[in-house]
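As a plain string of letters, each chain reads:
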Amino acid sequence: MTKTPTHAGTPTQTPVQTSVEHGKPPVDHLRFHRPHAHLAPTFGTDRFALRAEAFARFFGTPLFLGAQTLIVAAWIAINALGVAQFDLYPFILLNLAFSLQAAYAAPLILLAQTRQAARDKSQAEADAQHREALAVANEQRLAIAAANAAQVLELLQQNTLLTAQTRELTARIEALTVEIHQRFVGQAAQPRSAS
């Protein structure tokens, strides 16, 4: 496991496959995603961008909805019960606060969605490149396997031919051995019969 920096500057654990056998270098599984790494943070990488992204993410959380509900309920209760009267009915100041919130929330959310779409597209392209590289590597492996199979088949045919030649030579050697044996036995028998 190696540590790689993230867009926020904090390291995360990234699995890297190391291949000790055959002296191969480590495999970088994210090599097709690295060209699109600049799209990782939604609004950029500076301090303001990171806070804007955190703020945009906070809009959809139950904590935000609960806190906003409590603030609105307290606002209305304080003004309606007369504890303080800084925003009387019809609560124009509260409406202005909601309008201001919506004026900032909508562009932040739209920005987040636009950048997320760009991230998704780049990730899809990187995945397509990765699948293409895997397909090319698979085709190369299949071609190598086919070449190896052809070599094995040729070696088997040569082995079969050599086995047949060996059998033929063995038969000829056996026939010659029998013939030589008969000649020696025949020559040894002729001098005895002449004497």
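Residues numbered from 1 in each chain as written. Predicted model: local features only at pLDDT ≥ 70, side-chain atom pairs only at ≥ 80, totals over all residues. Heavy atoms only, no water.

Asker: Tell me about the packing of aromatic side chains, and please be specific about residues and values.
Answerer: Taken as a whole and judged by the stated rule, the model has 4 aromatic pairs. Here the aromatic rings of tyrosine 89 and phenylalanine 91 are separated by 5.8 Å at their centres, their planes lie at 85 degrees, and the arrangement is edge-to-face. Overall, phenylalanine 91 belongs to the buried group, its relative accessible area being 13%. Taken together, the ring pairs connect Phe58, Phe59 and Phe64 into an aromatic cluster. (Phe/Tyr/Trp six-rings, centres within 6.5 Å; stacked < 30°, edge-to-face > 60°. Buried < 20%, exposed > 50% of the residue type's maximum accessible area, 1.4 Å probe, protein only.)

Asker: If you had to explain the pattern of salt bridges to someone new, which residues and values would you point to?
Answerer: All told, the structure shown has 1 salt bridge when counted by the stated rule. Close ionic contact of arginine 183 with glutamate 179 constitutes a salt bridge, the shortest N to O distance being 3.2 Å. Of the two residues, arginine 183 and glutamate 179 both sit in helix α3 (residues 92–194), 4 residues apart, roughly one turn of that helix. A relative accessible area of 54% means that arginine 183 is categorised as exposed. (Salt bridge = Lys/Arg side-chain N within 4 Å of Asp/Glu carboxyl O. Helix = DSSP H or I, 4+ residues; strand = E, 2+ residues; numbered from the N terminus.)

Asker: Describe in detail the layout of surface pockets, supporting the description with residues and values.
Answerer: Rolled over the atoms, a probe as big as a water molecule pinpoints where empty space is left. In this structure, the second largest pocket occupies an estimated 210 Å³ of space. Around the second largest pocket sit 13 residues that line it, and Gln68, Ile71, Ala97, Phe98 and Gln101 are the ones nearest its centre. If you list the elements that add at least two residues to the lining of the second largest pocket, you get α2 (62–80) and α3. Considering each element in turn, the lining of the second largest pocket owes the most residues, 6 residues, to α3. When the residues that make up the lining of the second largest pocket are grouped by side-chain class, the tally is 11 nonpolar, 2 polar and no charged. (1 Å grid on protein atoms, 1.4 Å probe; cavity = no way out; pocket = protein on both sides within 12 Å on 5 of 7 lines; lining within 4 Å. Points joined across faces, edges and corners; volume = space filled by probe spheres on them. Nonpolar A, V, L, I, M, F, W, Y, C, P; charged D, E, K, R; others polar.)

Asker: Tell me about the side chain of aspartate 87, residues and numbers included.
Answerer: Looking at where aspartate 87 falls in the secondary structure, it is placed in the loop between α2 and α3. Exposure remark for aspartate 87: the relative accessible area of 4% places this residue in the buried category. At a separation of 2.9 Å, a polar atom in the side chain of aspartate 87 contacts the side chain of tryptophan 75. Separated by 3.1 Å, the side chain of aspartate 87 and the backbone nitrogen of leucine 93 make a polar contact. Beyond its immediate stretch of four places on either side in the chain, aspartate 87 contacts Trp75, Asn79, Ile92, Leu93 and Leu94. (Polar contact = N/O pair within 3.5 Å; in protein donor to acceptor, adjacent residues only side chain to side chain. Contact = heavy atoms within 4.5 Å.)

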